Amino acid sequence: MINKLFEFSFEEMFKQKYDFFATIFEYLIKDYNTDSGGKYAEYYTPHAVARIMAQIMVPKPVKGVKCYDPSAGSGTLLMSIAHQIGEENCTIYSEDISQKSSNMLRLNLVLNNLTHSIPNIIKTNTIAQPYYLESKFDYIVSNPPFKLDFSDFHADLDKDAFKKKFFAGIPNIPKSKKESMSIYLMFIQHIMYSLNDRGKAAIVVPTGFITAQSGIEKKIRERLIDNGWLRGVVSMPSNIFASTGTNVSVLFLDKKADNQHIVLMDASKLGETIKEGKNQRTVLTTVEEDKIISTFNQKEAIEDLSVVVSREEIAAKNYSFSAGQYFEVKIEYTDITAEEFAEKMTGFENRLVNLFQQGNTLDLEIQKQLKGLKYE
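Rules used in this analysis
- Residues numbered from 1 in each chain as written.
- Predicted model: local features only at pLDDT ≥ 70, side-chain atom pairs only at ≥ 80, totals over all residues.
- Heavy atoms only, no water.
- Phe/Tyr/Trp six-rings, centres within 6.5 Å; stacked < 30°, edge-to-face > 60°.
- Helix = DSSP H or I, 4+ residues; strand = E, 2+ residues; numbered from the N terminus.
- Buried < 20%, exposed > 50% of the residue type's maximum accessible area, 1.4 Å probe, protein only.
- Pairing = 2+ DSSP bridges.

K.L.:
Summarise the packing of aromatic side chains; cite the residues concerned and give the values.
P.N.:
Here the structure, examined in full by the defined rule, presents 11 aromatic pairs. Ring centres 6.0 Å apart and planes at 80 degrees place the aromatic pair Tyr68 and Tyr132 in the edge-to-face group. With Tyr68 in strand β1 (residues 65–69) and Tyr132 in the loop between β3 (121–123) and β4 (137–142), this pair connects stretches of sequence that are 64 residues apart. Centroid distance Phe146 to Tyr184: 5.9 Å. Interplanar angle 65 degrees. Geometry classified as edge-to-face.

K.L.:
Describe unusual backbone geometry, and please don't skip the residues or the numbers.
P.N.:
Phi is positive for Asn239, close to 60 degrees, though the residue is something other than glycine. Structurally, Asn239 can be placed in the loop between β6 (230–235) and β7 (248–254). For Asn239, a relative accessible area of 29% corresponds to the partly exposed category. The backbone of Tyr319 sits at a positive phi, close to 60 degrees, despite the residue not being glycine. Mapping Tyr319 onto the fold places it in the loop between α10 (311–316) and α11 (338–371). The exposure class assigned to Tyr319 is buried, which follows from its relative accessible area of 15%.

K.L.:
Residue-level account of helix α3 (residues 47–57), with values.
P.N.:
Across the 11 residues that make up α3, a large majority, 9, are buried. Taken as a whole, α3 has its buried residues at His47, Ala48, Val49, Ala50, Ile52, Met53, Ala54, Ile56 and Met57.

K.L.:
Describe the pairing of β4, and please don't skip the residues or the numbers.
P.N.:
Where burial is concerned, most of β4 is hidden: 6 out of the 6 residues are buried. With 2 bridges joining them, β1 and β4 adopt parallel strand pairing. Bridge pairing in β4 places Tyr68 opposite Ile140. Note that β4 and strand β5 (residues 195–206) share 5 bridges and pair parallel. In the strand pairing of β5, Phe137 is matched with Leu195.

Encoded structure:
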């Protein structure tokens, strides 16, 4: 079947190219999840999020670039950015610990005219045994696992070879709930290390990361601002991932970022809620997707949606990446006459007098009831 697909060109029939395949691929993945108990591709990225990431990362044509995903899964993010760049203009590289994911990604490469990248799909433990340890990339996309027990290879990460890469530290091993270890923090540091001098990245993170007051999260945010690598952040609507209720944001990194015009966006109020089986999911409309992309790329400040700030302003706010902390607090003033003011004040005073009287009556009633209590 794969050989037949390889020989056949769909382009004459479907102008959508990858978007057409993506719909089918997502449908097949859902069935695979159901049949295999929901274990495979648990965190595949919604295509709306993948498109937003790709179109923000690549607003202008580029050629001859290397694109990488250190936790590629079935390759949704890589296929989206390749489609945005042009399949003939990029080479794909990936790592993933799952052999099934790697096989599905290879199939996706065949379907999307990217067969030249098949040898670059590596099955490995990206954090402990990276295949592309010293490789540098032009574009990196990632939706890494947020929580995972990596206590079995935790000690290996303290090697000298990893000291520079994991500059912010390695999460401690908890005595209980080892499965709650924040492995995504290791992926962020790995991605920062893997960017070339012109590199750009888009990383899905739990929204709690953007405001954490201390720890590894804070150290990473400080490094991004101090190095001038933060292009912006988009906080997504809740339940945009069907498989997790965790609120997520997307970090956009750029080694050549404009540090005086960093875009922070709160898109949490956008989207429409739909029901998929027992779950509810938030879906962005095409108009909303376009609004997020154009607002970000044009560096627009829109009330209750986005702010444009400098790295000095972010440093002054304890390195918070949350747009809400930079929104202006607006107080509406109403012009009233002296007579209207006096009338309002009289009304307030009368209400307070009545409340005080009611309070006194209740005090007396409570005292009366207490006196009536007897020991039996």
